[in-house]
Amino acid sequence: MYAGDRDLERAVAELATTLPEPLQPLAGVAFDYRWSWAVDGAATFAAIDPERWVRSGSNPRRLLTEAPRAALARAAANNELVGRVTRLAAELSADRARPCAAGTATAAHPVAFFCAEFAVHASLPIYAGGLGVLAGDILKEASDLALPMVGVGLLYRTGYFHQRIDTSGFQHEYWQDTDPERLPCVRVSGDDGQPLTVTVPVDNEEVAAQIWRVDVGRVPLYLLDTDLPRNSQVGRWITSRLYESNRAIRLAQYAVLGVGGVRALQALGIEPSVHHLNEGHPALAVFELLARAQARASGDEAWQRVREQIVFTTHTPVPAGNEAYSAGEIQPMLGRIADLAGGRDRLLSLGRIEPSRSEQPTGMTPIALRASRGAVAVSRRHGHVARAMWQPVFPGRSVDDVPIGHVTNGVHVPTWLRGPMRDLLDGHLGDGWLSRADQPATWEPVRSIPAAALWAARCAARRQLVELIGSRAIGDRLRRGEPLGYAEAIGGGFDADRLTIGFARRLAVYKRLHLVALLPERALALIAGERPVQFVFAGKAHPDDTEAKDVVRQVFALKHAPSVAGRAAFIEDYDLDLAARLVAGCDVWVNLPRPPNEASGTSGMKACLNGGLHLSVLDGWWAEAYDGSNGWAIGGEVDADAWSQDQRDAKVLFDLLQHEVVPMYHERDADGVPQRWVAMQRKSLMTNGPRFSATRMVREYAEQLYRRGATG
Ligand SMILES: *Cc1c(COP(=O)(O)O)cnc(C)c1O
């Protein structure tokens, strides 16, 4: 039904022929990431060869290709396992056989969702952080809701960087090559059997891109890749790294994603009902669409036709985060793209906040805002911030009338709800509850889950996390070159019963991890006190963000203080897999953004789903979620004096931890259950569960943006 079907069938058949007959249904399962959110998906692959599964990076295509014959034969002879394989394959084909949901988008005219990064699974390393996680969750949820959608992105050959920290807390980066032939994806070929390519004018080159297809359930994700021998060395490099530091290359990436993406859809025979630009990176799609509209209509009419086809989500609430480029940077890289539709001045001015001020730089966000029929921010508060920030793009409108609405982010529940809490909720919320995850009534039975059961699930999840931290942290420390005693301290130090506090996210300065190190005596008192807590940290700083990297060093400076070696751990190389384990196991999830810089944030939503409690600045999603009884809050007012705000917020953070969180955790009844804590968990699950599910989010997108006639 979609381009690449034949290529997929061929790849699946090829893989199947290498497998013993009873395991052959797994070949099809391996080429669709739907397995990753099927209840028994990962466990079934792992059961074939547990060690190889880990070694393959949980990549089923690699597992099935690389597992020794003996392991495959053993699995094929295991009736119980073969039964699971059969059920898994049947579940996936039944999911595909469902009819499409009614709506403007149809199989023939799906939503085309454009994004610079997609976090679908740790084995597909084309993401950096929250933006990618959101995009991946949207594709998965669209699949679950049977909403016709295709994704459009880039296949980065070396992805985002991997992280190593040295003994002084300094971050080092390295990149690993990704071999698409070992990923569960296929190169899309045309009717002639040759790989399909499109070209994009960049600088003086017609850069060619081939197209890979990765299936995310019912949603095909098409990824453009310029690493072709016929391109120049520069042309080949364009899709090498996500968030490449070289600004000219970044512009070239935007050209390949936006212009190349629209051309790819055409080459694939896909006519979208709407193009959803997720963040500004794909905004150059506008010029390709405009060039086509101008072939059939002129001036204003062509522009209106383009606007009918575009909707936009803005993510970055600080002007500096919305990159802008000078005419001198844009002309060489994108000049010929501008010539496609209206000339160079038009591109430059469409991207200026005030089009006629030629000294202003050109950014992707103003282009996308002007060219879309509907635009949204990613939380209620971010909506206010975005309207004020972009008001100058809409002269004559008051801030409240700026046409930017909001669809608050949500998270894909089957991806993020793991382990003991998933089992518990499956047992209480009724059959098929996931498809009703956006309804408060679905979560009502949480009220009657026995406190002891909720607490037992929490303790089991914490125990799993503590085991993981033990092994990961020792490995990290040995690699770093720490003394053996220090490395091993984590083993005896981390305790499965101890209050566990997590802080893990992209290490941008505005996320303020440094608050933890700002009042060291208070942090150390918590760690080494009478009722000690343990901290787990993780996160990557962008390679060019020296200020953010310095924050890791500030935190590491505390490492020789008493008890720290055993009760605080920084786990390297934060990724989707580590994130899922951390949000599932931490008791308290801390978020300290400098308001109003957190557009939404999603990791706290994941923690809440798993029965963790959120302690956060009232910014992003928490500003609309916190009700006084479902977690803890730090004031969210904007303060121009960053230094005093930091001092104040650090104090509030430690006051909350010391006077509320720690005592509540230790206040136990005769059975050892912390009743007040469990009551807060219940509130958190029942209030946050339905509102911050991707089910609610994607339904809102369909209603507010994708529907014909909707304007955002
Ligand atoms: C959820 C997630 C994020 C987003 O985290 P925030 O703290 O909400 O910004 C970033 N990275 C990974 C790997 C995630 O899973």
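Before any of the text, the structure's been laid out above.
Rules used throughout
Residues numbered from 1 in each chain as written. Predicted model: local features only at pLDDT ≥ 70, side-chain atom pairs only at ≥ 80, totals over all residues. Heavy atoms only, no water. Helix = DSSP H or I, 4+ residues; strand = E, 2+ residues; numbered from the N terminus. Buried < 20%, exposed > 50% of the residue type's maximum accessible area, 1.4 Å probe, protein only. Arc of directions from axis to C-beta. Contact = heavy atoms within 4.5 Å. Pairing = 2+ DSSP bridges. Axes fitted to C-alpha atoms, helices over the stretch in contact; angles between N-to-C directions. Polar contact = N/O pair within 3.5 Å; in protein donor to acceptor, adjacent residues only side chain to side chain. Near = heavy atom within 4 Å. Nonpolar A, V, L, I, M, F, W, Y, C, P; charged D, E, K, R; others polar. Core = buried A, V, L, I, M, F, W, Y, C linked by side-chain atoms within 4.5 Å. Phe/Tyr/Trp six-rings, centres within 6.5 Å; stacked < 30°, edge-to-face > 60°. Salt bridge = Lys/Arg side-chain N within 4 Å of Asp/Glu carboxyl O.

In this chain, Pro595 is followed by Pro596 through a cis amide linkage whose omega measures 5°. On the secondary structure map, Pro596 appears in the loop between β18 (588-591) and α27 (603-609). Here Asp203, not a glycine, exhibits a phi torsion of approximately 55°, which is positive. Take Asp203: it is sitting in the loop between β6 (197-202) and β7 (205-216).

Okay, helix α24 (residues 546-556) next. If you check which residues of α24 are buried, you get Ala548, Lys549, Val551, Val552, Val555 and Phe556. The arc that holds the buried residues of α24, viewed along the axis, is 145°, so those residues lie on one side. Seen from the buried face of α24, the exposed residues on the opposite side, beyond 90 degrees, are Thr546 and Glu547. In this structure, the buried side of α24 is in contact with β3 (162-165), β4 (171-174), α20 (451-480), α22 (515-518), β16 (534-538) and β17 (568-571).

Turning our eyes to something else, we now look at the sheet that holds strand β20 (residues 632-634). Spatially, six strands are ordered β17-β16-β15-β18-β19-β20 in an open sheet, and the strand pairing comes out parallel. Where the open sheet ends on each side, the last strands, each with one partner, are β17 and β20. Averaged over all adjacent pairs, the angle separating strand axes in this sheet is 20°, with direction ignored. Bridging between β18 and strand β19 (residues 613-617) involves four bridges; their strand directions are parallel. Across the sheet, residue Val588 finds its bridge partner in β19, namely Leu613. This element, α20, spans β15 (500-504), β16 and β17 of the sheet and lies at about 70° to β17.

Positionally, Thr316 belongs in the loop between β10 (310-313) and β11 (324-325). Within polar-contact distance, the side chain of Thr316 engages the side chain of Glu279 at 2.5 Å. Contact partners of Thr316, with chain neighbours within four places excluded, come to Glu279, Gly321, Asn322, His382 and Met389.

This part takes up the environment of Cys115. Note on placement: Cys115 falls in the loop between β1 (111-114) and α8 (130-144). Looking at Cys115, the relative accessible area reads 0%, which means it is buried. When the C-alpha atoms of Cys115 and Val188 are compared, they prove to be 19 Å apart, with 73 residues separating the residues in sequence. Setting aside residues no more than four positions away along its own chain, Cys115 makes contact with Leu131, Ala135, Val152, Gly153, Leu257, Asn278 and Pro282.

On to the site of the ligand. Around the ligand, 14 residues are found, and the nearest of them are Arg505, Lys511, Thr602, Ser603 and Lys606. In this structure, an oxygen atom belonging to the ligand sits 2.6 Å away from a main-chain N or O atom of Thr602. Within the side chain of Ser603, one N or O atom sits 2.7 Å away from an oxygen atom of the ligand. Among the elements of the structure, α8, α26 (576-585) and α27 are those that each provide at least two residues to the shell around the ligand. Counted by class, the shell around the ligand contains five nonpolar, five polar and four charged residues.

Residue position: Asn59 is located in the loop between α4 (50-55) and α5 (60-66). For Asn59, a relative accessible area of 3% translates into the label buried. Engagement of the side chain of Asn59 in a polar contact is seen with the backbone oxygen of Arg182, the distance being 2.8 Å. For Asn59, the contacting residues outside a window of four places in its chain are Trp53, Ser123, Arg182, Leu183 and Pro184.

Within the largest apolar cluster, 142 residues are counted, with the highest numbers of intra-cluster contacts made by Met149 and Tyr706. Here this core gets ten residues from one element, more than from any other, and that element is helix α10 (residues 247-267). With near-sequence residues (within four places) excluded, Met149 lies in contact with Pro110, Val111, Phe113, Ile138, Leu139, Ala142, Val219, Pro220 and Tyr706.

This part covers the packing of aromatic side chains. Following the criterion strictly, the structure yields 19 aromatic pairs and no others. The interplanar angle of 45° and the centroid separation of 4.8 Å between the aromatic rings of Tyr160 and Phe161 together place this pair among those described as tilted. The pair formed by Tyr160 and Phe161 is uniform in burial state, with each residue classed as buried. Aromatic pair Trp632 and Trp677: ring centres 5.7 Å apart, planes at 55°, arrangement tilted. Here Trp632, found in strand β20, pairs with Trp677, found in helix α30 (residues 675-691); they are 45 residues apart in sequence, far enough to count as distant. Grouping aromatic residues by their ring pairs yields a cluster made of Tyr33, Trp35, Phe45 and Trp53.

Attention now moves to helix α6 (residues 69-76). Every buried residue of α6 is accounted for by Ala71, Leu72, Ala75 and Ala76. The arc that holds every buried residue of α6, seen down its axis, measures 135°, which confines them to one face. Away from the buried face of α6 by more than 90 degrees, exposed residues Arg69 and Arg74 are located. Turning to α6, the residues buried within the fold contact α3 (41-48), α5 and α7 (79-97).

Most of strand β8 (residues 219-225) sits inside the fold, with seven of its seven residues counted as buried. Because side chains alternate across β8, one face comprises the buried residues Val219, Leu221, Leu223 and Asp225, and the other comprises Pro220, Tyr222 and Leu224, equally buried. Note that strand β2 (residues 149-154) and β8 share four bridges and pair parallel. In the sheet register, Val152 faces β8, and the bridge partner there is Tyr222. What sits between β7 and β8 in their antiparallel hairpin is a turn of two residues, with Gly217 showing a positive phi close to 65°.

Within the structure shown, the criterion is met by 54 salt bridges. Note that Glu181 is salt-bridged to Arg187, the shortest N-O span being 2.7 Å. What makes Glu181 partly exposed here is its relative accessible area of 41%. Connected through shared salt-bridge partners, Asp5, Asp32, Arg96, Arg213 and Asp215 make up one network.

A separate point is the pairing of β1. Alternating positions in β1 separate into two faces, Val111 and Phe113 on one and Ala112 and Phe114 on the other, with burial throughout. With four bridges connecting them, β1 and strand β9 (residues 274-278) associate as parallel partners. The partner of Phe114 across the bridge, within β9, is Leu277. In this sheet, β2 lies alongside β1 in parallel orientation, the contact comprising four bridges.

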